Structures are given as C-alpha cells and as structure tokens.
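Architecture and fold: a report
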Protein chains: 2
Amino acid sequence: MDYAVRGRIAIAADKFSEDLVVAKRRGVSSDFPFDHIIMTNIGNPHCLKQKAISWPRQVLALLQLPDELGVDHPSVHELFPSDAIERAREMKRALDGNGLGAYTHSKGAKPFREDVASFIERRDGARSGSVDVESIFLSSGASEAITMLLTALIRDSTCGCMIPIPQYPLYSATLDLLGGKKVGYYLDEDEGWGLDIDDLERSLNEAKAKGINVVCLVLINPGNPTGQVLKENEVKDVLLFCARHNLVLLADEVYQEKRAADELGLIDQDSVQLCSFHSVSKGVYGECGQRGGYVEMTGIDSDVINVLFKLAASKLCSNSTGQAMVSLMVRGPYKGDVSYDKHEKEKQAIYEGLKDRAKIMSRGLDKIAGFSCKSASGAMYCFPRIHHLPKGAIQASEELGMSPDTFYSLDLLSSTGICVVPASGFGQKQGRYGFRTTFLSKESEAVVDKIRRHYEEFCLKYT
Amino acid sequence: MDYAVRGRIAIAADKFSEDLVVAKRRGVSSDFPFDHIIMTNIGNPHCLKQKAISWPRQVLALLQLPDELGVDHPSVHELFPSDAIERAREMKRALDGNGLGAYTHSKGAKPFREDVASFIERRDGARSGSVDVESIFLSSGASEAITMLLTALIRDSTCGCMIPIPQYPLYSATLDLLGGKKVGYYLDEDEGWGLDIDDLERSLNEAKAKGINVVCLVLINPGNPTGQVLKENEVKDVLLFCARHNLVLLADEVYQEKRAADELGLIDQDSVQLCSFHSVSKGVYGECGQRGGYVEMTGIDSDVINVLFKLAASKLCSNSTGQAMVSLMVRGPYKGDVSYDKHEKEKQAIYEGLKDRAKIMSRGLDKIAGFSCKSASGAMYCFPRIHHLPKGAIQASEELGMSPDTFYSLDLLSSTGICVVPASGFGQKQGRYGFRTTFLSKESEAVVDKIRRHYEEFCLKYT
C-alpha cells in the first residue's frame, strides 16, 4: 500500500520544515537555500492561508459552548450575529439537546442528513422528498465514505474496481488493503484528460478475460490529480456504460451525475447504481481539518447499505463538528439574514482568488520550455507534464531505485522548498513524467518562476 | 460482522424513539406504555444529560472563531475567561496559525502529541522526555486507533488475536472484517470478572495447536462490558505472559500497564510490546461526539509503526477538534488560573454522580430476585447475570432464531423503553444470560425499579 500525496517527498518536506523551525528558534541560518516550505502536495487551503468563511465558524463556536455560556449568555450579541445564534439554537435541538459531545446516529444526525437531502433536491431540480434521507451517510471527510463503500463492495480478491489513470491514490491504496483488483482506464491528456468509452470497454473486457468480477467504477470529477471537468456527454456515456455492465458508479466530488442519470431515464428504469461523495474540504470552504463529508446513494442494493450501516456502527459515528459543518455548507444563511451579504462576499472572494491562481499556475507551467499543462478548469490541481528529463537524471533515479519524477520532485524540494507530488504516484502512461501541484498558494507567480528556474538548472546539472 | 451495541435492540429503540417524536408532534398518544426511550445501550454520557465541562468547550469555541471574531475581538472578555483565551492563542500557534480548517500531520498536530507525552510521563512518574512523541498517534476516538493497530498486526487469516470473553464487540467485528482469528480467554464472573493466567495459557496452546499465529492480546481495563478493574498482580501477570509469548498487548482505556511494565523491568529489558489507548469519550469528559483519542506505543516494531503511519496518511488526519480536545483533557487549566477551581469542581461533581449511580445500579440489579450483578468499580457499565429465564421464553427465542437474552432485551425495551445490550453480543459462557447497561442515566433508581417489575411480569408471562 502506497500513498503518494503523503509519501516520500512530503515526509522529506516535513523534516526540512522542522529543521527550519529549529534553526529559526536558535537564531542561526539554516543550510537550505530557502526560508520556508511551500506545501503544494495536498489540497489543504487553510494551510496556505485561505481564510475560513466566518458564519459557519461562528455557528460551530456557539455549538461548542454550553447554553449558559453561549446562546443564552447575556452578552452573546456582542460577539455573534443573530442568525448564527438562531442557527446554533436550531442545531442544538437537532442534536436532541445533547450538543456536540454525544454520539449521534451512526449515519449522522438525521436533521443534518435532511439538510443534505434538501440541498441535493434543490441542486438537481428534483421534487421535494425525492431524496431518501436514509440513503445518506455523513462521514469523516469523503475519504471515510469512499473506504466504507469499497469495503462493502469488494468482497474478496476476485472483485475488481475500475479506476482512472491517473487517479487519486486513496482508491489504489484502499483496493490494495482490501485485496481487490485495480482495473485501470486511461484519461487522455491530449483530449484535456477526457474519457474514452472504447478504452473503458477494452479495460473491462481485459479484466473479465482474467476472471475478475468487476463490480464498480470510480469517476473523479473535477479530476484529481488532473483538474479537468468532464463534458456532459462524457458523464452520460459513463452512466450508460455502468448501467450496461451493472457496475456501481462511485462519483467523487461530483455534482452533475444524478441529474444526468435522471435525464437519461436511468433512475426511472431503476438501472443506475450511483454513490456520490462530497466534502467540506474542497472549494471555497476548504475545511479539511473538520473532517466532514457524505455519501448519497441511488439504486444501491439493500445488502450493500446494510453492510455500510454495520461498518458505520462499528465506528459509532463521525465527528459531530464535521457533521454540523456539512449542514452549514449545504444550508448557509438565507437571503435577508444579517450575515447573508458578508457570507456571499467571502465565498465569492475565495472563488475569484482560486480562479485567478488556477490561470496563473496552469498557464505559467504550460509556458515553461519542456513542460506542458492542461488548463485547470475545476478542483484545485494542476498536473503538468515534463516532456524532457535529462538522461543523467533518469540514470541517477534508477540507481536510487526511485521513479524519475520522484527524483525530480526531491531535487525541486531541496532546491526551492516547493513540495509537489510526483505524477508516478497517481499512475500515468509509460514514459510520461510530471507532477501534481495545487494552485492554492498565494505565491503562485513566485512558485511558477521558481519551478522554471529550477528546471533550467536541473537540466544543465544532469545533461 | 456484528456489532451488538448498535445492533438489533438499538435499531428497534431508534424506531420507537422516532415514533414517539411523531406522536408527540401530532399531539396524539403513542401505542407504547412509556413516553421516552432510555438509551443505556452505549456509553454516551451527554445523551443522558451529563453536562460538558465548560473550560475545554470555551477553548474549542475560540479555536473555531477567526482571530478578529474571537481572541482579538474587543469584547472577547465578556464571554470568555482569560485562561481560555490564552490557551486558544497557544493552540492556534500550535496549529501553525492555520486553525482547525487545515489537515494536520497524519499522526496529529505535534504540539498536541507533546501534551500527551508529558501527561503520560507525569502519570507514570517517568522522567521528562522518556516518552517518544513519534510513538503517539492521535485518532478519531480510541476505536479508530484500535482498528488501525489490528489492521497492521493481522496480516492474513493465519494470524490471531486473544480477546476476553465477554469483550467489547469492536474487537470481534474488526477481526471478522480482517479475516483474523479470534482466540478467546475467559474472565471469571465468580472472581469479580478477574483474569486467570492458566486460562490464558490453555487458550493460547489450543490456538497454536490449530496452527494459528497468535500475535496480540487485548486487555480491557476497566472492563467493558463487565465494569471491573483488574488487580495490580493480574496486570503484571498479563504483561509477563505477553513478554513470554512475544505478544503485542493492546491495552484499552488502561492507565496502569506502563508503570507496571516498568516496575517489572520489562521496559529496560526491551521485552514489552505495549499499545495503550485512551479517549475523550469516557469518564468525566464523556465527549464522545468530538471523536478524540490516541494510542501510545512502547517497544513496537518499526515495521508495524510504518504501516500505521501509511494507514493514518490514507485517512489524511483525524478531526482537528478531537485532537484539540485530547490536548485539553491531558492539560487543563493550571492551579491559580482563573478557571482552575470551577474546572475541578465540575469534574468532581460528575465523578461523584457516576460513583453514586454505579452503586445504585449494581446493588439494585444484584438485589433483584433471579439476578446477580458484580459491583462496578470502573468505566460506566454493569453486566448483570439473569440466573433464570423461563422455559417459555427460551422456546420462543429459539423459534424466532435469536438468543434468549436478545428476546428478553427486546421484551424489556417494548415494555419499559429501556434499551440494553444482550450479553450474548459480548460473548459469555454457554448457558449464561444477561445484559449490559450503563449507569449514566440520572433515572438510575427508576431504571432498576422498572427492570425489576418487568422481570417479574416476564417470568409470569413465559412460565
């Protein structure tokens, strides 16, 4: 089992970071040619100084406070807006008056799941009450829900799961742990990391010929690590492919699958098996540390849901703060509430910042001679390709028993303090080299510049 | 895989509870002979109106608030005591200024792990710096750490783990999921649920004869479900047993093992392999929903720690609130701080309440004709034995395909609204019947009374 986003390079970066702290504390200069580490290895917005959106945090603070020290305190209005106080009161009732300290239902507190159900109905233009609250499980980030679903679906080592190449390593790591088979399908870099149904069919047929019982397919959209957003027809093609081959579709961070399935009539025909994951970690919230997420299931066999429920019960429940944060993400202040305008303004500012930095980063990397980088249209990642790595570097990497792009990434880290993840950690076509970086850092322009200058020196050094 | 504490009876109780809410909302009387459910199936103190201790909650609230709305707000002193503000500032620095929204290190934020290390040193009278902060992993409650350890230790289906009978079902459920072998050893009810080393030897020998590679032993102390506290010599015997047979000791909620291991010289001889689990869920904090916990390891193979680190990395990190709560539990306000006296008083009041109710519950149950119940000296559970179940009940349970004590517990629930867990869910000697209940409910006397009256009627009904 390997987990590249927190693997070798990230561990080295942690070590460097500690050494820098120690040097600073001692008032001596460090041996590094940089004064801080820029962690672009993981989508961790708050670590790169993205600010928390205020209103949900105000509600969470009130939820932590016992009533007499919070919502009922005579001075509560000095610190908290009235709509945060009202929502906190409502959420305390939703938690049966037990507050954040009690275990909730193993699926998550029902009123919070009801918020998620309403959110999905509004988002998909579905009728009120059409989403079954019992098909929603709140989880500790999306990761936990994904792991639980794979655990329920992969019964033994004959079972397989189709995963994109490149893919987020949670899938490969969990499948390795469960002993399931990874059945890869390629995303096409030349087509902006698009999907090719012929390649899906090829991959499935090859797996079947090997006797693998393929039970599910993972779709990551917007792509991770690739950052692309799939076209509507690509999404529909995948849905029809899954329906045709009776595969459960695990849709990671996806918002358009269910509406597309509805448009295709697959929901009415009862021929879609869809699990959609969402979390508070991504996008404008970026509340990774709160560990809030959910899965919503459509057309999933009750046996699978029963296993999921047992797995959830054995963990007792996901953390109550993360559950509350999910509720606050899917239902913010209403138009007209005192916090509404500020809340929208904060969200918009973060969104614009992300969009700007995505451009700076993907265009900047694309312009480096020897690099190419598809424009990042979603998520928070760029996945540039390095078309040329000098022979000396490839030789050196082989001698050290690491992939060439791991060797490159380590050199980049020790020269510039920039921590990226080698593309080989996500899987890629033979002979391709590259890395994944986030576009969260407010130093995006400097990062691009440092990567460019380092690459020039790297090529000189190893040619 | 089965998980009795959230199994059949608890699911029925949830359903009844919802029906009661619906009836109340409609203003009609329900069909039940009770007006509320008393959830004694799970150690969930805040659900039974145990109040949160104020000071840690005040610090957590400040941690949620962005600086300008919290620690730096001009009116912050109106709501928060100065020592909570100071600690929040310190913890914000400990989180690198990123607050609760950022992923932490996969093992947990290092300054919080340092707090745990100092706590363990103080508790065990060990020298400062003797506990390695890198051997501590913060986790989402103790459950997550336990699951991770078992995942790392049980490599395949030839591996086994010794577990007490009766035991908390997390162990059996996780071992079933991992495909490992459960190797049971009996706790002796007649000896106050004590340990018998001869029985441990017998059990280990039988397992070895079957070709099982026994790698670890679980010790739960204070006992769950049994509520006993082991004697010092029992703990030492288990430590020597594990050292003799090269077993990793998984010590659940245990505080005395490490000191005992030290006294025996096992730590100096490097012949102890000990994993100690602790959480914020139990005792006077009872902060179950916050999901904070940790494991501390002594003498554990670096291979195992590396696997653990990879598992932790694949989950990214445990929730930041739970991590912060661990730090606040192991390091409260200092003597002389403004909140110190109130904090101690709150803890003491909860402790006294638990002690009183433990007595009421265990003595009350022991006095019911046909029952016996060992006095509960720790944790929050009573595990009474029912010496006589009427033949009619046993017959009826067989016809329904459930254990006799499950049948009894369902009848108790539908007659009184009291939700307990049948003893068969924890394992027990053939022919024993009983259940586990917590002594958290403030209605303890009424609960005992209802159980007594129900048992009389139950015996009449089925004889």
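Located above this text is the structure these notes cover.
Just so you know, these numbers come straight off a predicted model, no measurement behind them.

In this structure the tally under the stated criterion is 60 salt bridges over all chains. Across the pair Asp67 of chain A and Lys92 of chain A runs a salt bridge whose closest N-O atoms are separated by 2.8 Å. In this pair, Asp67 of chain A sits in the loop between α2 (54-64) and α3 (76-79) while Lys92 of chain A sits in helix α4 (residues 82-94), placing the two residues 25 residues apart along the sequence. For the salt bridge of Asp449 of chain A with Arg453 of chain A, the shortest nitrogen-to-oxygen distance reads 3.3 Å. Of this pair, Asp449 of chain A and Arg453 of chain A both sit in helix α16 (residues 444-462), four residues apart, roughly one helical turn. The exposure class of Arg453 of chain A is partly exposed, given its relative accessible area of 43%. Connected via shared salt-bridge partners are Glu18 of chain A together with Lys107, Lys110, Arg113 and Glu134 of chain B.

Residue and element names in this part refer to chain A. Considering the arrangement of structural elements, one finds Thr147 in helix α6 (residues 141-153). Since its relative accessible area comes to 29%, Thr147 is described here as partly exposed. With 31 residues separating them along the chain, Thr147 and Leu178 place their C-alpha atoms 9.7 Å apart. Excluding its chain neighbours within four sequence positions, the residues that come into contact with Thr147 are Leu170 and Thr174.

Residue and element names in this part refer to chain A. Inspection of the secondary structure assignment puts Ser172 in helix α7 (residues 169-178). A polar contact is formed between the side chain of Ser172 and the side chain of Gln167, at a distance of 2.7 Å. Among residues more than four places away in sequence, those in contact with Ser172 are Ile163, Gln167 and Lys182.

Overlaying chain A on chain B yields an RMSD of 0.0 Å, the required transformation being a rotation through 180 degrees with an accompanying axial translation of 0.0 Å. This pairing of chains is accounted for by a two-fold axis. It is Ala61 of chain A whose C-alpha, among those of chain A, lies nearest the rotation axis, at 2.0 Å. When the interface residues of chain A are mapped onto chain B, 100% of them are again interface residues, pointing to one common binding face.

The subject of this paragraph is the interface of chain A and chain B. Opposite the 68 residues of chain A that make contact, chain B presents 68 residues. Together chain A and chain B conceal approximately 5400 Å² of surface at their shared face, both sides included; 54% is due to carbon and sulfur atoms. Summed over the shared surface of chain A and chain B, the result is four salt bridges. Here chain A and chain B share 22 residue pairs in polar contact (both at pLDDT 80 or more) between them. The set of elements that each furnish at least two residues to the side of chain A that touches chain B consists of α1 (8-26), α2, α3, α6, α7, α11 (302-314) and α12 (320-330) of chain A. The greatest single-element share of the side of chain A that touches chain B, amounting to seven residues, is contributed by α2 of chain A.

Time to look at the pairing of strand β7 (residues 274-279) of chain B. Looking along a regular strand, one sees side chains alternate from face to face of the sheet. Residue and element names in this part refer to chain B. With five of its six residues buried, β7 lies for the most part within the structure. Examined bridge by bridge, strand β6 (residues 248-252) and β7 share four bridges and lie parallel to one another. Among the inter-strand pairings, Ala251 is bridged to a residue of β7, identified as Ser276. Bridge count for β7 against strand β8 (residues 293-298) is six bridges, and the pairing is antiparallel. Looking at β8, one finds that Phe277 is bridged to Val295.

This part covers unusual backbone geometry. Put simply, Asn221 of chain A and Pro222 of chain A share a cis peptide bond, and its omega is 5 degrees. Backbone geometry at Asn246 of chain B places phi at a positive 60 degrees, although glycine is not the residue there. By the element assignment, Asn246 of chain B lies in the loop between α9 (232-245) and β6. In this structure Asn246 of chain B comes out as exposed when scored by relative accessible area, which is 56%. Its identity is not glycine, yet Leu316 of chain B carries a phi of approximately 70 degrees, on the positive side. The topology assignment puts Leu316 of chain B in the loop between α11 (302-314) and α12 (320-330).

It is worth spelling out the sheet that holds strand β14 (residues 421-422) of chain A at this point. All names here are of chain A. The strand order β11-β15-β14 describes an open sheet built from three strands, whose pairing is antiparallel. At either margin of the open sheet sits one strand with a lone partner, and together these are β11 (381-382) and β14. In this structure, β11 lies alongside strand β15 (residues 435-438), joined through two bridges in antiparallel fashion. Following the sheet pairing, Tyr381 is matched in β15 by Thr438.

Calculation notes
- Counting of residues starts from 1 at the beginning of each chain's written sequence and follows it residue by residue.
- Whichever chain is written first is A, and whichever ligand is written first is 1; the rest continue in order.
- A pLDDT threshold of at least 70 governs which residues receive local features in this predicted model, and a stricter bar of 80 or more applies before side-chain atom pairs are shown or counted, although totals over entire chains, interfaces and linings include all residues.
- Hydrogens and waters are ignored; side-chain quantities use all the structure's heavy atoms.
- Any Lys or Arg side-chain nitrogen located within 4 Å of an Asp or Glu carboxyl oxygen qualifies as a salt bridge.
- Put simply, DSSP marks the helices as runs of H or I at least four residues long and the strands as runs of E at least two long, and each gets a number from the N terminus on.
- Per-residue accessibility, obtained with a 1.4 Å probe over protein chains only, is compared with the maximum for each type, and a residue is labelled buried under 20%, exposed over 50%, and partly exposed between these values.
- Only heavy atoms enter the contact rule, under which two residues are in contact if any of them lie within 4.5 Å.
- By the criterion applied in these results, polar contacts are pairs of N or O atoms within 3.5 Å in which, for protein atoms, one can donate a hydrogen and the other can accept it, and in which residues neighboring in sequence qualify only through two side-chain atoms.
- A least-squares superposition brings the copies together, and it is based on the C-alpha atoms of residues with pLDDT no lower than 70 in both.
- Buried area adds together the accessible area that both of two parts lose upon being put together, with accessible area traced by a 1.4 Å probe.
- One requirement defines pairing of two strands: DSSP has to find at least two bridges between them.

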